[in-house]
Amino acid sequence: MPGVPSYRGCEACRRQKKKCDQARPACSRCARLKIPCIGCGQQRFKFKDETKALRAANAPPSDFAAAAAAASSPAPGIHGSPPPSRPLSNQTTRTSGAIVSVLQISDPRYDLFAFGPFIKDIPSRLGTHAALDASADALASAFSCVHTRCITPESLAKYARALRSVQNSLQSPATAYSEQTLCAIYFIMLCQGWIANDDNPFPGHGPAMAHLLNVIVSNNWHNAFNSAILITISVSVLLESIVNPSIQLRPWFFKLAELHKPTAPIHSLDGVALTSADLHNIILMRDILRNPGQHIEQMQSLYSLLRLELPALRKHLEEKLEPACSDPPDALPASLLRLLSRYLAVYSVLLSMGMTLNGFLRALGSCKFPLAADMEVYFSETMTHAEKLKPRRPFGASHVPLTLICALATADDDPLRQMATRRMLSEYESDSTSFSWLDKAGQQAWKPRGSILERKGKEWNGKKLVSGIHSCVAW
């Protein structure tokens, strides 16, 4: 800052804003008042801030006019101080920004809404729960690994930090039984499916989530955010309970299913019923897979319902939703894309249920339905469905590998079907950086053949199957 000449009078006259005659050794005013005359005749300098002018002089030619305009305008700030050189931030604002930027993606391939509609409310809930903050940060970092197909040390470090934070939250009575802790565990589960090495002995999170749900459902959770979290995570726990007998669906799940049960059957836009996708029927599928011989009548009843609803749902997709979404994704509203994604996911689930029940009924020797003809249709639809959803991988087709695994499990007697299914699974396997769908398909603990529930080996391969179920949920 250059100095410029200023007042040369004495200090006493300068403070009183009087003209000083600069007489020596004392000016006339100081002599008359008999006060010390200090600084008389000395040159002083005043300084002015020319930072903006220098910035304007050093600016590129294209930005010179804007920089000059900025230099001429007063600097904002408290008491005239210049603004900070960069926006103020902390870990919470950085995590919120990362999550918000991810949530703005409506491309079905990378739309996080596939894992629960409640995720849109997560940014507003950050900053009050350490485990939720850490897991959300890990989720945003793991998302970038899915997009780039490259697992970075930073994402693994954030994943490990989130695990420690969740453990600390579970050890604290003040935070253990909260929706935020439950949501943090769910995010950890998703990260585990995306970036965790399959060889690492990470345990399944189902038992911990089941224990928390048993307490939380009994409390006041009746709002839109909590309800969406509980329904989403309960289905994940239910899927894992199929292969993990230690998970008991205590009264909490049946209470949740009863409270969430719609007053009328779920209908699509043209009146097609989706009763088979109700939570009660999902629970029934769990019981059938565990003890098929004890649920023969329920199996036949549910299969009969699926034979009615699957063709209607397929017709609705082909004639209504898919034509409405024929334009490029960036030209369609996000709500329509997400509606299609939800119906495609339901279609995958119903196909999986239909093929599984078909396999069990064939093993039982049931003659009530044309099972062989039905299986031909289901397998053909599965292959067509998987082929059609390839452009929506990975997130928009996250439900397809589970359907392909069900198709492979019920195709033991047809080598051509097995070969076609494995080929399709290998293509979907390219979306994952941390596990193999074909390995998961080969490690299934049940086969709907022969003695109703034929196990491969004497014991359940618990760790691998739990990891496989979590991967199916995450992908």
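## So, the overall build of the protein
Thinking step 1. The helix and strand tally for the protein stands at 19 helices and two strands.
Thinking step 2. Each of the 475 residues in the protein was classed as buried or not, and the buried ones make up 45%.
Thinking step 3. Of the contacts made within the protein by residues no fewer than 6 positions apart, 69% connect residues no fewer than 24 positions apart.
Thinking step 4. Of the roughly 23,700 Å² that the protein leaves accessible, carbon and sulfur atoms contribute 56%.

## Regarding unusual backbone geometry
Thinking step 1. With an omega dihedral of 0°, the bond running from arginine 24 to proline 25 counts as a cis peptide bond.
Thinking step 2. One can find proline 25 in the loop between helix 1 (11-16) and helix 2 (28-33).
Thinking step 3. The residue after arginine 393, namely proline 394, is reached through a cis peptide bond having omega 5°.
Thinking step 4. The backbone phi angle of lysine 17 is positive, close to 55°, even though this residue is not glycine.
Thinking step 5. In this fold, lysine 17 is placed in the loop between helix 1 and helix 2.
Thinking step 6. Judged by its relative accessible area of 77%, lysine 17 is exposed.

## Some details on the packing of helix 5 (residues 91-103) against helix 6 (residues 130-148)
Thinking step 1. Here helix 5 crosses helix 6 at 45°, and the two axes come no closer than 9 Å. When the interaxial angle is binned, helix 5 and helix 6 end up oblique. Judged by the twist between their axes, the crossing of helix 5 over helix 6 is left-handed. From helix 5, Gln91, Thr92, Thr95, Ala98, Ile99 and Val102 reach across to helix 6, where they touch Asp133, Ala136, Asp137, Ala140 and Phe143.
Thinking step 2. Class assignment of the residues belonging to the contact of helix 5 with helix 6 gives a composition of six nonpolar, three polar and two charged.

## Thoughts on the packing of aromatic side chains
Thinking step 1. By the definition in use, this model includes 11 aromatic pairs.
Thinking step 2. Taking the centre distance of 6.0 Å and the plane angle of 50° together, the rings of phenylalanine 118 and tyrosine 186 count as tilted. Placement of phenylalanine 118 in the loop between helix 5 and helix 6 and of tyrosine 186 in helix 8 (residues 179-195) is noted, with a sequence separation of 68 residues between them.
Thinking step 3. On the basis of relative accessibility, which here comes to 2%, the residue tyrosine 186 falls in the buried class.
Thinking step 4. One aromatic cluster is present, built from ring pairs that chain together Tyr110, Phe115, Phe143, Trp194 and Phe395.
Thinking step 5. Across the ring face of tyrosine 428, the terminal group of arginine 393 is positioned such that the distance to the ring centre comes to 5.1 Å.

## Things to note about the pattern of salt bridges
Thinking step 1. Summed over the entire model, instances satisfying the criterion amount to 15 salt bridges.
Thinking step 2. In this structure, glutamate 154 engages lysine 158 in a salt bridge whose closest nitrogen and oxygen atoms are separated by 3.3 Å. On the criterion of helical spacing, the pair formed by glutamate 154 and lysine 158 is a turn pair, its members being four residues apart in helix 7 (residues 153-171).
Thinking step 3. Close ionic contact of glutamate 427 with lysine 390 constitutes a salt bridge, the shortest N to O distance being 2.6 Å. Of the two residues, glutamate 427 sits in helix 17 (residues 415-429) while lysine 390 sits in the loop between helix 15 (371-388) and helix 16 (400-409), which places them 37 residues apart along the sequence.
Thinking step 4. When salt bridges with common partners are traced through the structure, they connect Asp137, Glu154, Lys158 and Arg161 into a single cluster.

## Description of the environment of phenylalanine 360
Thinking step 1. By secondary structure assignment, the location of phenylalanine 360 is in helix 14 (residues 334-364).
Thinking step 2. Along the sequence, phenylalanine 360 and proline 292 sit 68 residues apart, while their C-alpha atoms lie 7.5 Å from each other.

## As for helix 17
Thinking step 1. Compared with the 21 Å implied by 1.5 Å per residue over 15 residues, the 20 Å span of helix 17 between its first and last C-alpha is a close match.
Thinking step 2. Residues Arg417, Thr421, Met424, Leu425 and Tyr428 constitute the buried set of helix 17. For helix 17, the arc enclosing every buried residue in end-on projection is 100°, short of the 170-degree limit, so these residues lie on one face. Facing away from the buried side of helix 17, by more than 90 degrees, are the exposed residues Pro415 and Leu416.
Thinking step 3. In this structure aspartate 414 caps helix 17, since a side-chain oxygen of it lies 3.1 Å from the backbone nitrogen of leucine 416.

## Concerning the confidence of the model for the protein
Thinking step 1. Averaged over all residues, the pLDDT of the protein is 77; the fraction at 70 or higher stands at 73%.
Thinking step 2. Every residue in residues 263-269 is under pLDDT 50, and counting partners more than four places away or in other chains gives 11 contacts.
Thinking step 3. Low pLDDT (under 50) marks residues 443-475, which in the prediction has 97 contacts with non-local residues, meaning those over four places away or in another chain.

## Notes on the environment of leucine 404
Thinking step 1. Relative to the assigned elements, leucine 404 resides in helix 16.
Thinking step 2. In this structure, the C-alpha to C-alpha distance between leucine 404 and methionine 424, residues 20 residues apart in sequence, is 7.9 Å.

## Here we look at the side chain of glutamate 381
Thinking step 1. Note on placement: glutamate 381 falls in helix 15.
Thinking step 2. Classification of glutamate 381 by relative accessible area gives buried; the value is 10%.
Thinking step 3. Those residues in contact with glutamate 381, other than ones at most four positions away along the chain, are Arg314, Tyr347 and Leu351.

## Considerations on the nonpolar core
Thinking step 1. If you look at the biggest cluster of nonpolar residues, it comprises 106 residues, and the most contacted ones within it are Leu112, Leu182, Phe187, Trp194 and Val237.
Thinking step 2. Not counting residues within four places of it along the chain, the set of residues in contact with leucine 112 comprises Val102, Leu103, Ile119, Leu139, Phe143, Trp194 and Phe395.
Thinking step 3. Ranked by size, the runner-up nonpolar core spans eight residues in total, among them Cys10, Cys13, Cys27 and Cys37.

## Brief notes about helix 9 (residues 206-216)
Thinking step 1. Among the residues making up helix 9, those that are buried are Gly206, Met209, Ala210, Leu212, Leu213 and Ile216. For helix 9, the buried positions fall inside an angular range of 165° around the axis, keeping them on one side.

## Things to note about the state of the cysteines
Thinking step 1. Enumeration according to the criterion identifies zero disulfides in this entry.
Thinking step 2. Free of any disulfide, cysteine 145 has its nearest neighbouring cysteine sulfur in cysteine 150, separated by 6.9 Å.
Thinking step 3. Taking the relative accessible area as the measure of exposure, cysteine 145 reaches 2% and is therefore buried.

## Observations regarding the packing of helix 15 against helix 16
Thinking step 1. Helix 16 packs onto helix 15 with a crossing angle of 150° between their chain directions and a minimal axis gap of 10 Å. With respect to helix 16, the element helix 15 is oriented roughly antiparallel. The hand of the helix 15/helix 16 crossing is left-handed. On helix 16, the residues that touch Phe379, Thr382, Met383, His385 and Ala386 of helix 15 are Val400, Thr403, Leu404 and Ala407.

The rules behind these values
Residues numbered from 1 in each chain as written. Predicted model: local features only at pLDDT ≥ 70, side-chain atom pairs only at ≥ 80, totals over all residues. Heavy atoms only, no water. Helix = DSSP H or I, 4+ residues; strand = E, 2+ residues; numbered from the N terminus. Buried < 20%, exposed > 50% of the residue type's maximum accessible area, 1.4 Å probe, protein only. Contact = heavy atoms within 4.5 Å. Areas by Shrake-Rupley, 256 points an atom, 1.4 Å probe, with all protein chains shown as cover. Axes fitted to C-alpha atoms, helices over the stretch in contact; angles between N-to-C directions. Parallel < 35°, antiparallel > 145°, perpendicular 65-115°, else oblique. Left-handed = near helix turned anticlockwise from the far one by under 90°. Nonpolar A, V, L, I, M, F, W, Y, C, P; charged D, E, K, R; others polar. Phe/Tyr/Trp six-rings, centres within 6.5 Å; stacked < 30°, edge-to-face > 60°. Lys NZ or Arg CZ within 6 Å of the ring centre and 35° of its normal. Salt bridge = Lys/Arg side-chain N within 4 Å of Asp/Glu carboxyl O. Expected span 1.5 Å × (residues − 1). Arc of directions from axis to C-beta. Polar contact = N/O pair within 3.5 Å; in protein donor to acceptor, adjacent residues only side chain to side chain. pLDDT = per-residue confidence, 0-100. Core = buried A, V, L, I, M, F, W, Y, C linked by side-chain atoms within 4.5 Å. Disulfide = S-S within 2.5 Å.

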